[in-house]
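# Structural characterization, general
What follows is the residue order along each chain.
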Amino acid sequence: MMRKVKTTFFVLVFVLVGGLLHYVLPQHDIVRITSTEVIRTDFSAINRLFYAQADSGSAELGTRDLRLIYTEKKRTFLLGFIARDARQVMVYRNEDTGWIWPPYFKFDSSDLQAQAAAVSTSDGENWAVMTHYGWRNKYLSIYPNAIGIRAVDGPDVQIIPWFNIFFFIFAVVAFFFLRAMWRQFLERAVDPAVQSMGERVDAVGDAVSEKHGRLRRWLDTWRK
Amino acid sequence: MGLIRLVFFGFLVLSVTYFLISVYSRSVRREKLEYRWGEENPDSKDQAAREAFIEQGMHEYNTGIRPRLILLVYVVPTIIVAAIHVLTTY
């Protein structure tokens, strides 16, 4: 029973943390930018969470215009690790994240939109590497947020996710550091205190275990 | 307004981190000194000398460069935030 609870707990934590990281960490798509557009958006209580705020210098209202970038992206397997030939359309929003969340400190949405428009109207096939975070969900009407656009000559680009590499190295180091801190705390602060208390507890211990035994026997009567 | 909020909460979080790391670092140093005393004077029962040795070592630690290095906890995230901002905006 205890093990099932534990397993469930860890699976839940893994899914939640994994989901959060998948949403927030930057990803790179190889796309063909086809056009750009602005639509008016009325947020609902459900999808408000998946949008950033108004441009950093502007007032926040319930309704505002939203910049969109229309693309055709190359599909991949395994979060972009395995390239494929298949393509699919993808729509990105383009919003300032400002000083808040997620911490991209992006203020140049208009410039990014101009850049997207420039790529989409250039000669050739308009290939670009789109850096973004977030999810596309048709039922919630949410879009990944574009962070950066880099025009490239063709779809065969090797992308190395430097930020994510350093992020995960840092996460592992931080985990072991925290664990070392916690163990040091237990060893130096908690154990000595418990030990000195132990002698006093021992005296009371017998009485408690006697009582505990009786409680236990009473509880076990329910089983029969 | 957003910047003020970021600085305020960032300072709070980093201060907690700074505090935890300094306590940890001092604790590790004290433990090392205790071990070294035990190795160098395996049969000593002189508690006062042991105490003095450890306090001396802690004084050297406190006036050394290492506690100052922990201030990097404030510097490094500031640089990272600035770098991310510059990389996404320019």
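Residues numbered from 1 in each chain as written. Chains lettered and ligands numbered in written order. Predicted model: local features only at pLDDT ≥ 70, side-chain atom pairs only at ≥ 80, totals over all residues.

What follows is about the overall build of chain B. If you tally the helices and strands in chain B, you get four helices and zero strands. Going from the N terminus to the C terminus, chain B shows its helices and strands as α-α-α-α. For chain B, the C-alpha radius of gyration of 20 Å lies well beyond 12 Å, the compact-globule estimate for 90 residues. By principal-axis analysis of the C-alpha atoms, chain B measures approximately 65 × 20 × 15 Å. Buried positions account for 0% of the 90 residues belonging to chain B. (Helix = DSSP H or I, 4+ residues; strand = E, 2+ residues; numbered from the N terminus. Rg over C-alpha atoms; globule rule 2.2 N^0.38 Å. Buried ≥ 20, exposed ≤ 12 C-beta atoms within 10 Å, placed from the backbone.)

All names here are of chain A. Across eleven bridges, the pairing between strand 1 (residues 27-42) and strand 2 (residues 63-77) is antiparallel. Bridged to T41 within strand 2 is R64. Relative to strand 3 (residues 82-93), strand 2 runs antiparallel, the two sharing nine bridges. Each residue of the ladder has a partner; that of E72, found in strand 3, is V89. (Pairing = 2+ DSSP bridges.)

What follows is about the nonpolar core. Judged by nonpolar contacts, the single largest core of 19 residues is most densely connected at Y92(A), A128(A), A146(A) and I149(A). Here I149(A) is in contact with L112(A), Q115(A), A116(A), V119(A), A128(A) and M130(A), once residues within four sequence places are set aside. (Core = buried A, V, L, I, M, F, W, Y, C linked by C-beta atoms within 7 Å. Contact = placed C-beta atoms within 7 Å.)

Take F10(A): it is sitting in helix 1 (residues 2-24). With 34 residues separating them along the chain, F10(A) and S44(A) place their C-alpha atoms 32 Å apart.

Further remarks concern the confidence of the model for chain B. Per-residue confidence for chain B gives a mean pLDDT of 91, with 100% of residues at or over 70. Quick note on the complex model: pTM equals 0.80, ipTM equals 0.83. (pLDDT = per-residue confidence, 0-100.)

So, about the interface of chain B and chain A. Across the contact, 14 residues belong to chain B and 14 residues belong to chain A. Every element with two or more residues in the side of chain B that touches chain A is listed here: helix 1 (2-40) and helix 4 (72-89) of chain B. Top contributing element to the side of chain B that touches chain A by residue count: helix 1 of chain B, with nine residues. Per-class residue counts for the side of chain B that touches chain A are seven nonpolar, five polar and two charged. (Nonpolar A, V, L, I, M, F, W, Y, C, P; charged D, E, K, R; others polar.)

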